[in-house]
Structure formats: structure tokens, C-alpha cells
Amino acid sequence: MKYLGVDSGGTKTAVGLINEENKLVEKRSLATDVKGGVAEIAKNAARLIDEIFENQGLTYSDIEYVGVGVPGSVDNDKGLVLYANNLDFLNAPLRDEMAKYIPLPIYLENDANCAALGEYFAFKEKEDVDDFFMVTLGTGVGSGSIINGKLFKGFNNAAPEGGHMNLVPGGRLCTCGNKGCWEMYSSGTGLTMTAREIAEENLDSLMWELAGGKIENIDGRTPFEAASKGDKAAKEVLDKFFYHLGVALVSVVNLFQPEIITIGGGVSEQGDILIDKAQEAINNGSYTKTSRVTRVVKAELGNEAGIYGAAFLRR
Ligand SMILES: [Zn+2]
């Protein structure tokens, strides 16, 4: 039997067909019409599934179930999206809407948890581990935890929200209303803020030249590029960035004791230095001082992790 994974993000809805060997056979996507609500997302997902079926010569009888990742908190028992601020959903009946088109079991899950599950299964192809943590450094900081081989979700199906762990008491104001959340420092957005702050204090920094003299052109990539050319201010930006990332990851290790932490998201594309710095922080800072240290690895599925994970929800 095959499986379908749906990733219903704030900007696009994507559907992937996963085969018996856990491989993505075909993927299709459409822009998400946020105003159309869950009815529109269900209709679009069903349309993408029909296209895949037509292309692959399949029908619903070839599929075991459909898993759906949603950027928010879900209640799978009731089939509801409890809250998704990007999609403006509150107690939205996503499963009932999808069931109008899809004659199969439909399972809902938070999208960061889906991504963690996708990366976990991919990692398990190489090595058998039971305790695994994923961090996504993108626009925000996403996180997902596998404990004893199962997704850890907490009593509200919302755990873990690592990005909103308090890292700097009284620090930068977060979109969630609190101050000093991890994602205000280690996301692409947080890195950009740090780069602009330090650039303003260092008008001779190479970051200005790379940005054509415009502060709005300084983003998360700028300090990496400038630092690789020896710019001191850019190195200061990265030192701060790695410091905050390391402090947060040490807390993750001390709380969850994962055997593996995988790091994904746009910021992780900046190369091995990020993985090396994260590993160094954990080696130096985690409470347990044994020969078995949590290993940090780069995520491997890119933006398809959520589709894989949705398709793996009941594997
Ligand atoms: Zn927050």
C-alpha cells in the first residue's frame, strides 16, 4: 500500500505520494487560498491527489490513509484545526471537509511535528535511534521531538514549541507576545535583526558594501558572506548567533536527552560551520559528561520533510 502526505502551509498546499519503500514518488502543489478556509484547502488537496492518481494510474484503493500537516495546533480525535494563526483558523473542521472528497482515514498533525517525523524516518534508514529532536531555523524556529520512537505532543497536541522557549528574559518582543523567545535570536528573522543592529554600530563593516549601503538589504546571509571574507563585525554577528543557538540546544539536550538533534530550515543552508558550532556547544555545555554525547546532524529532506512526515503518521 502507498501513502499520501499533505502539507497545508500558509503559502502553499502540497501533496506527495510515498511508496512502500518510504520514497516520495510524486509531489504537486498549489498556492493556498487563505480566505477560502478549510473548504478550499480540502478541495485543493483533493484536486492535487486526483492529478497524482491520473499520472500514476492509481485510485484511492491503492492508498492506506492520508496524513495532513497543519501550521498550528490540531485535535486529531475531533478532526479539528484548533488554532493556526497563518491560516486564520480557529476550531476549523478540516477532516470533515477533506472527507467530502477522500474516502480514507485522514490524520491531522502539527506541521513541525510532521517534519520531525519525516526526518526521523529518513535518519532511521541509516541508524536505529529512538530519541530524536528536530529544530527548523526558518522564518521562525520550529521544533519536534521523538521520544521512544513516538512523537511527543503534550496534552494540548502543541508540544514542543521550542521557538517560544524563553532564552533572553526581557529580550526582543516576539510575535507571540512574550519577550526573549528563542526564535527572536536563532531564526532567519532573528539573525537579520542581530546583523542590522551590529552593522549600525560598525559603519565600516563589509556587510554594508554587500548590501549596497541599504540596511533593508542586510539579511541572514549577509554576515555569513562578510565573515567568510574576514569582516570583524560580521564575525561578531555570527558569534552572537552561535552563542544563542548553543545555549538553547544545551537546554534541549538537558530536557529531552535526544541521541540526535537534526537542524533544518533556510539558515541551516549556511554550511557545516553551524552544525560544528552547535556540536561544540553541546559537547561543552550539556549536563551529562559521558562518552555518549548528543550528535548534531544536518536535516536531509529540505521542504519535503513535512510531506514525508504526514505520510508516516501511522507507520
Ligand atoms: Zn514567542
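Preceding this section is the structure that the text describes.
Once a new chain begins, its residue numbering starts again from 1 and follows that chain's sequence as written. Per-residue local features are limited, in this predicted model, to residues with pLDDT of at least 70; the limit for side-chain atom pairs, both in listing and counting, is 80 or more; totals at the level of whole chains, interfaces and linings are taken over all residues.

Trainee: Which residues make up the environment of tyrosine 83, and what values do they have?
Mentor: Every helix listed is a DSSP run of H or I at least four residues long, and every strand listed is a run of E at least two residues long, numbered separately from the N terminus. Among the secondary structure elements, tyrosine 83 is positioned in strand β6 (residues 80-84). With C-beta atoms placed from the backbone, a residue is buried if 20 or more other C-beta atoms are within 10 Å of its own, exposed if 12 or fewer are, and partly exposed between those counts. The partly exposed category is assigned to tyrosine 83, around which 17 C-beta atoms lie within 10 Å. Each residue is represented by a C-beta atom placed from its backbone, and any two residues with such atoms within 7 Å are regarded as in contact. Filtering out sequence-adjacent residues up to four positions away, tyrosine 83 remains in contact with Gly72, Ser73, Phe89 and Leu90.

Trainee: Lay out the nonpolar core in plain terms, naming residues and giving numbers.
Mentor: In this structure, Leu4, Val81, Leu94, Met207 and Leu249 are the most contacted members of the largest nonpolar core, which totals 88 residues. Source of the domain bounds: an automatic or database domain assignment. Two domains each provide a minimum of three residues to this core, namely domain 1 (2-104) and domain 2 (127-299). Setting aside residues up to four positions removed in sequence, leucine 94 forms contacts with Val38, Ile41, Ala42, Val68, Val70, Gly79, Leu80, Val81 and Leu108. Structurally, a nonpolar core is described as a collection of buried Ala, Val, Leu, Ile, Met, Phe, Trp, Tyr and Cys residues joined by way of C-beta atoms within 7 Å.

Trainee: Lay out the pairing of strand β10 (residues 141-147) with the relevant residues and their values.
Mentor: With six of its seven residues buried, β10 lies for the most part within the structure. Criterion used throughout: strands pair if DSSP finds at least two bridges between them. For strand β9 (residues 132-137) and β10, the ladder comprises six bridges, and the chain directions are antiparallel. By the bridge assignment, valine 135 is partnered in β10 with serine 143. Adjacent in sequence and paired antiparallel, β9 and β10 are bridged by three residues. As judged from the two bridges shared by β10 and strand β11 (residues 150-151), these two strands associate in the antiparallel manner. In the sheet register, isoleucine 146 faces β11, and the bridge partner there is leucine 151.

Trainee: Hey, could you go over unusual backbone geometry for me, with residue numbers and the actual values?
Mentor: We note that aspartate 88 has phi near 60 degrees; this positive angle belongs to a residue other than glycine. The residue aspartate 88 is located in the loop between β6 and β7 (89-92) in this model. You can call aspartate 88 partly exposed: it has 13 C-beta atoms within 10 Å. At glutamine 257, a residue that is not glycine, the phi angle is positive and equals roughly 50 degrees. With respect to the helices and strands, the residue glutamine 257 is situated in the loop between α8 (232-256) and β12 (260-264).

Trainee: How would you sum up helix α9 (residues 272-285)? Please name residues and give values.
Mentor: A helix's residues, less one, multiplied by 1.5 Å, set its expected span. Between the first and last C-alpha of α9 there are 20 Å, a value that for 14 residues agrees with the 20 Å anticipated at 1.5 Å per step. Those residues of α9 not exposed but buried are Leu274, Ala278, Ala281 and Ile282. Seen along its axis, α9 keeps its buried residues to an arc of 95 degrees; they face one direction. Across α9 from its buried face, at more than 90 degrees, point the exposed residues Asp272, Asp276 and Asn284. Where α9 is buried, its residues meet α8, β12 and β13 (295-298). What the arc describes is the spread of directions from the helix axis to the C-beta atoms.

Trainee: Give me the lowdown on the sheet that holds strand β5 (residues 73-75), citing residues and values where you can.
Mentor: Reading across the sheet, the three strands line up as β5-β6-β7 and stay open at both edges, with antiparallel pairing between neighbours. At either end of the open sheet lies a strand with only one pairing partner, and these are β5 and β7. Across the sheet, the mean angle from the axis of one strand to that of its neighbour is 15 degrees, orientation sign disregarded. As paired elements, β6 and β7 share three bridges and run antiparallel to each other. In the sheet register, valine 81 faces β7, and the bridge partner there is alanine 92. An axis is simply a line fitted to the C-alpha atoms; with a helix, the fit covers only the stretch in contact. Between two such axes, the angle follows the N-to-C directions and lies from 0 to 180 degrees.

So far we have only geometry, and geometry alone does not tell us how the molecule works.
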